[in-house]
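Coordinate analysis (summary)
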Amino acid sequence: MTELEEVIMAGNFIKIDRKILKWEWWSDINTFRLFMYMLISAYWKDGNYKGKIIERGSFPSSISELSKETNLSVMEIRTSLKHLQLTGEITSKATNKFTIFTVVNYNLYQTDNKQDNKQITSNLTNNQQTDNILLTNSILKESKNERTEEIKEDKNAEKDITNVISKKKSYYPDDELLDEAFNEYVTMRKRIKKPICTDKALHRAMNTLEKLSGGDNDLAIKILNQSVDHCWQGLFELKEDNSNKQGNQNFNKGAIDWDNV
């Protein structure tokens, strides 16, 4: 068996329909790059990860890990995830330690039929050019009906991303608890008459939270709650209660200057 045949039989490949050239995120480099990474990273068969069952078409990761693997910034990852979730390309489910991302309609991109794999390897051995034609036709035929329906749904779902996000006020769609905590922080800022008025200010706040928490969502929630509980304008490193020793000592270390926010 040749090396290419072994790769195919092991499930180490994905199928890409030429219609992807007409995909609405094709011209969005960041979103396309992230989606390709997720397709390649998804488990091609059911597996386990840290005590969790990971189903075929899914894989465990985090915002910070996706950023590291794709060389995209944290904000670029969040924006691209919102794009893909908006059009139904992926779903995500957060756990207390990581997030399970799932590629919707994963079978469109990788076959799970062993007989199909045998036919592909046989064609590769006999005639590589003929196999390429058969594989392409198979992909087009398999995805025709499903993708037609998806395209219709996508057209109905096409709206301005900024307006959708603003309406829902969803800052962290992959983590409900973190999203709730950040919304509470934004509300508190308004109540103390120090609102976050611009998108750039919002991005700075989210980047600051990412740096202080090191990508740990549980720690990020505690940092947000700390500021909300004390009505602090800024975000600070999480400090333990040392009131008996230091009284009301300020948390100047790790503080962010919010005068220009």
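Above this text is the structure in question.
None of these values were measured; they are calculated from a predicted model.

**Structural notes on the pairing of strand β5 (residues 99-103)**
Summarising burial for β5: four of the five residues are buried, a large majority. Two elements, strand β3 (residues 58-61) and β5, share four bridges in a ladder whose sense is antiparallel. Paired with Ser58 across the two strands is Thr102, which belongs to β5. Inspection of the sheet shows strand β4 (residues 90-94) paired to β5 by five bridges, in the antiparallel sense. What sits directly across from Ile90, in β5, is Val103. Counting the residues between successive antiparallel strands, the hairpin from β4 to β5 contains four residues.

**Overview of the packing of aromatic side chains**
Evaluated as defined, the whole model comprises eleven aromatic pairs. Plain terms: the ring middles of Phe35 and Tyr109 are 5.9 Å apart, the flat faces sit at 80 degrees to each other, and that makes the pair edge-to-face. Here Phe35, found in helix α2 (residues 29-41), pairs with Tyr109, found in the loop between β5 and α5 (114-126); they are 74 residues apart in sequence, far enough to count as distant. Judged by its relative accessible area of 1%, Phe35 is buried. By relative accessible area, which is 11% here, Tyr109 ends up buried. Plain terms: the ring middles of Tyr49 and Phe98 are 5.0 Å apart, the flat faces sit at 80 degrees to each other, and that makes the pair edge-to-face. With Tyr49 in strand β1 (residues 47-49) and Phe98 in the loop between β4 and β5, this residue pair connects regions lying 49 residues apart in the sequence. Tyr49 sits in the partly exposed class, given a relative accessible area of 30%. Taken together, Trp23, Trp26, Phe32, Phe35 and Tyr109 form an aromatic cluster joined through their ring pairs.

What counts and what doesn't
Residues numbered from 1 in each chain as written. Predicted model: local features only at pLDDT ≥ 70, side-chain atom pairs only at ≥ 80, totals over all residues. Heavy atoms only, no water. Buried < 20%, exposed > 50% of the residue type's maximum accessible area, 1.4 Å probe, protein only. Helix = DSSP H or I, 4+ residues; strand = E, 2+ residues; numbered from the N terminus. Pairing = 2+ DSSP bridges. Phe/Tyr/Trp six-rings, centres within 6.5 Å; stacked < 30°, edge-to-face > 60°.

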